[in-house]
Amino acid sequence: MKNAEKILAIQYAIDHPNTEELYYDLLERMGDLKRNYWDYMSTEPISCDAELKRLPEADYDLCAALLTMLLREDHFSNGSLRERQETGQVNATLHKMIALLEG
């Protein structure tokens, strides 16, 4: 998928927030799902809040890993994705991905 197509897909996810399935599908279609997301993390055990503090300096791969991390967090702690959507953390990650693609 080309960068312009990724930007459109990410923007759609921003404009139509939904369940974790939408975000998993987004990452899968773009080829950016980080099944080994823990390899990108700096905390162990992973602290999502601490990892999200790295977002301002993150590259595209780290952003994809952070989004994957949030999806996995929701899998283990049902409802956390909605909370992170409400606080803007999901969209902040998606906006950073767009900014990096526009580069």
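Scroll up to find the structure.
No experiment lies behind these values; they were computed from the predicted model shown.

Rules of the game
- Residues numbered from 1 in each chain as written.
- Predicted model: local features only at pLDDT ≥ 70, side-chain atom pairs only at ≥ 80, totals over all residues.
- Heavy atoms only, no water.
- Helix = DSSP H or I, 4+ residues; strand = E, 2+ residues; numbered from the N terminus.
- Rg over C-alpha atoms; globule rule 2.2 N^0.38 Å.
- Buried < 20%, exposed > 50% of the residue type's maximum accessible area, 1.4 Å probe, protein only.
- Contact = heavy atoms within 4.5 Å.
- Areas by Shrake-Rupley, 256 points an atom, 1.4 Å probe, with all protein chains shown as cover.
- Lys, Arg positive; Asp, Glu negative; His and termini not counted.
- Charge placed at Lys NZ, Arg CZ, Asp CG, Glu CD.
- Core = buried A, V, L, I, M, F, W, Y, C linked by side-chain atoms within 4.5 Å.
- Salt bridge = Lys/Arg side-chain N within 4 Å of Asp/Glu carboxyl O.

Enquirer: Looking at this model, I keep getting lost on the overall build of the chain. Mind explaining?
Expert: For the chain, the helix and strand inventory stands at six helices and zero strands. Here the chain has a C-alpha radius of gyration of 12 Å; the compact-globule value for 103 residues is 13 Å, and the two agree. For the chain, the residues scored as buried account for 43% of the 103 residues in total. Sequence-distant contacts, at least 24 apart, represent 64% of the contacts inside the chain between residues at least 6 apart. Summed over its atoms, the accessible surface of the chain is roughly 5,900 Å², and 48% of this surface lies on carbon and sulfur atoms. Computed over 11 positive and 19 negative side-chain charges, the inter-centroid distance for the chain is 3 Å.

Enquirer: Please explain the side chain of E73 as it appears in this structure.
Expert: Relative to the elements of secondary structure, E73 occurs in helix 4 (residues 60-76). Accessibility expressed as a relative area gives 19% for E73, which makes it buried. What E73 contacts, discounting residues up to four positions off in sequence, is C48, S80 and R84.

Enquirer: Any chance you could explain the nonpolar core here in plain terms?
Expert: Generally speaking, soluble globular proteins have nonpolar side chains that are buried together. Ranked by internal contacts, the top residues of the largest apolar core, which has 34 residues, are I10, Y23, L27, M69, L94 and M97. At the level of secondary structure, the elements contributing two or more residues to this core comprise helix 1 (3-15), helix 2 (20-30), helix 3 (48-52), helix 4 and helix 6 (89-102). Of the residues forming this core, the biggest block, 10 residues, is contributed by helix 4. Those residues in contact with I10 that sit more than four places away from it in its chain are L26, M30, Y60, L94, M97, I98 and L101.

Enquirer: Got a minute to help me understand the pattern of salt bridges in this structure?
Expert: Should the charged atoms of two oppositely charged side chains come close, the side chains can pair. Evaluation of the coordinates by the stated rule reveals seven salt bridges. The residue R35 makes a salt bridge to E28 at a minimum N-O spacing of 2.5 Å. Measuring nitrogen to oxygen at the nearest pair gives 2.7 Å for the salt bridge that ties E51 to R54. With relative accessibility at 27%, the residue R54 sits in the partly exposed group. Via salt bridges that share partners, D49, E73 and R84 belong to a single interconnected network.

Enquirer: Just checking my understanding: could you explain the side chain of K34 for this structure?
Expert: Mapped onto the elements, K34 comes out in the loop between helix 2 and helix 3. A residue is classified by how much of its surface remains accessible, and K34, at 11% relative accessible area, is buried. Residues contacting K34, with those up to four places away along its chain left out, are Y40, D61, A64, A65 and T68.

These values are about where atoms sit, not about what they do.
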